[in-house]
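Residues per chain, in single letters:
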Amino acid sequence: MHTLILFGASGDLAKEKLYPALFDLFQAGEKLRCIGFARTPLDEKAFRTLIHNAIRGQKKNAAADDVEKFLKHCSYVSGAYDQASIAHLKKHLTQLTATEHAGRLSFYLATPMDHTLIRNIVGGLMKNDLIDSECAIALEKPFGFDGPSAQKINRVLARSFNEEQIYRLDHYLAKGMVQDLLALRFANPIFEPVWNARHIERIDIAINETAGIRKRGQYYEQSGAIRDMLQNHALQLLAFTAMDQPESLQAASIHQEKIQVFRRLRLFGGQGIENIRIGQYRGYHEEAFVDPQSLTETSAALCLEIDTPRWRGVPITVASGKKMGSRSTDITILFRKKEYSLWDEMNHQLAQNSFHINIQPDNDIRLRLNSEFDSQKKSVHPTDLRFGFLDNARLFKDPYENALHDFFHRDQGIFLNAKEIALSWKLIDSVLRLIAPVREKILQIY
Ligand code: BG6
């Protein structure tokens, strides 16, 4: 039995992502109980209706009976995030578990990532003896606003939990195609000999969205694309793409290799504002809660380099933007041309080989080859060897289902550790310092 105590239980994250994912896990046979906690006063019936609507909103085909069964395992406590209400939560838990063992406690903070709020919750859990060596806590980005604020959050958590009990989620790492990167790279020895500066000319990682900032103006004005998308999702994709083979598939080994990447990651050539591009979509100023003079970036691109013998000299671009032409997350690896090819004497330019991984929405990989040899003209044409994963149900589990599964089973592989967050902020803080004096000048409207 897993007992999930979900703080922020009436919020958007819980409704849009967590309840549908919990329901799927329940359907897959996980024994779980969810106790929601939030400020909103709701009786048990209203809470269950909220979950019911959240599930039916996303899963039109969910059978009413199955949803009802799941709802029997959900209950709610409302209160301020203070010791007294957490004492109330504990009483509720004790009553619930009088007849059925609680199992391990898993706390999930689907609340704003404010360090005072986290301190109050964690303090309340401590005072009420809810923290033991078996429990664990999960939380989601933003992990702070910069290096120092991220450190503050980490310090609050570290007072009560060991690093092995803290699950910091970047939901991009829970996407099937991202996890499959590990398999592609390390289960297929053909890639390793060419995965370096000798053979790779450049790497591009792009996360484009068609949506704008929706109703998140308040948050977004403090954040911008660099903090919202690059510091976490894009840099994590970069780390998975470029890291050395870990010693094992254990979380600690994966973290260790990602940390090595973050330690050596820098702007291309070491510095330079020319490696940074920022933009803002037309109409951003009209969004709710946005300052009409705002210089917040809604798109950004950084040209980076990993200063190791394996990668030195290879530009790695990470980019992300809202209100772009299409929604797509791609990793493109462009291979170098050979110095000499058999087609040079015909003045026939061969296409460069490239390896393209579409994380979403197509979920495919494409290898660009020169092929279709015409024996009369002796010509070749670029052709994409494409492999799609669309029918693979395992890979297409919802990222939150994957993440909650791993959290319940205490596997930290796809979660982030404190060190990698600190190192990625170090780079991003330096980028933001470089931008500050020239923001107005370099911000391009698109
Ligand atoms: C979130 C960002 O972390 O990721 C959002 O805060 C962004 O701004 C979202 O829209 C994108 O996630 P996905 O899974 O829809 O690509």
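Structure's up top.
These notes cover the structure that comes with them.

In this section: the nonpolar core. Leu6, Ile137 and Val318 are the most contacted members of the largest nonpolar core, which totals 104 residues. Looking at this core, the element that brings in the most residues is helix α8 (residues 217–242), giving eleven residues. Counting only domains with at least three residues in this core, you end up with domain 1 (2–140) and domain 2 (173–445). When sequence neighbours within four positions are dropped, the list of residues in contact with Ile137 reads Phe107, Leu109, Leu157, Phe161, Gln165, Ile166 and Tyr167.

What follows deals with the pairing of strand β5 (residues 136–140). Burial analysis of β5 places five of its five residues in the buried class, the great majority of the element. Residues Ala136, Ala138 and Glu140 point to one face of β5 and Ile137 and Leu139 to the other, with burial holding for every one of them. In this sheet, β5 lies alongside strand β4 (residues 104–109) in parallel orientation, the contact comprising four bridges. Paired with Leu109 across the two strands is Leu139, which belongs to β5. On the question of chirality, the crossover connecting β4 to the parallel β5 by way of helix α5 (residues 115–127) is right-handed. In this structure, β5 lies alongside strand β6 (residues 166–169), joined through four bridges in parallel fashion. Bridge pairing links Leu139 to Arg168 in β6. Where the polypeptide runs from β5 across helix α6 (residues 147–160) and back to β6, its parallel neighbour, the crossover connection is right-handed.

In this section: helix α2 (residues 44–58). When the terminal C-alpha atoms of α2 are compared, their 22 Å separation across 15 residues agrees well with the 21 Å that a helix rising 1.5 Å per residue should span. What α2 keeps buried is the set Phe47, Arg48, Leu50, Ile51, Ala54 and Ile55. The arc that holds every buried residue of α2, seen down its axis, measures 155°, which confines them to one face. Across α2 from its buried face, at more than 90 degrees, point the exposed residues Lys45, Ala46, Asn53 and Gly57. Elements that come into contact with the buried residues of α2 comprise α1 (12–27), β2 (32–38), α3 (64–71) and β3 (74–78).

How each quantity is defined
Residues numbered from 1 in each chain as written. Predicted model: local features only at pLDDT ≥ 70, side-chain atom pairs only at ≥ 80, totals over all residues. Core = buried A, V, L, I, M, F, W, Y, C linked by C-beta atoms within 7 Å. Buried ≥ 20, exposed ≤ 12 C-beta atoms within 10 Å, placed from the backbone. Helix = DSSP H or I, 4+ residues; strand = E, 2+ residues; numbered from the N terminus. Domains from an automatic or database assignment. Contact = placed C-beta atoms within 7 Å. Pairing = 2+ DSSP bridges. Right-handed = clockwise from strand over helix to strand, strands pointing away. Expected span 1.5 Å × (residues − 1). Arc of directions from axis to C-beta.

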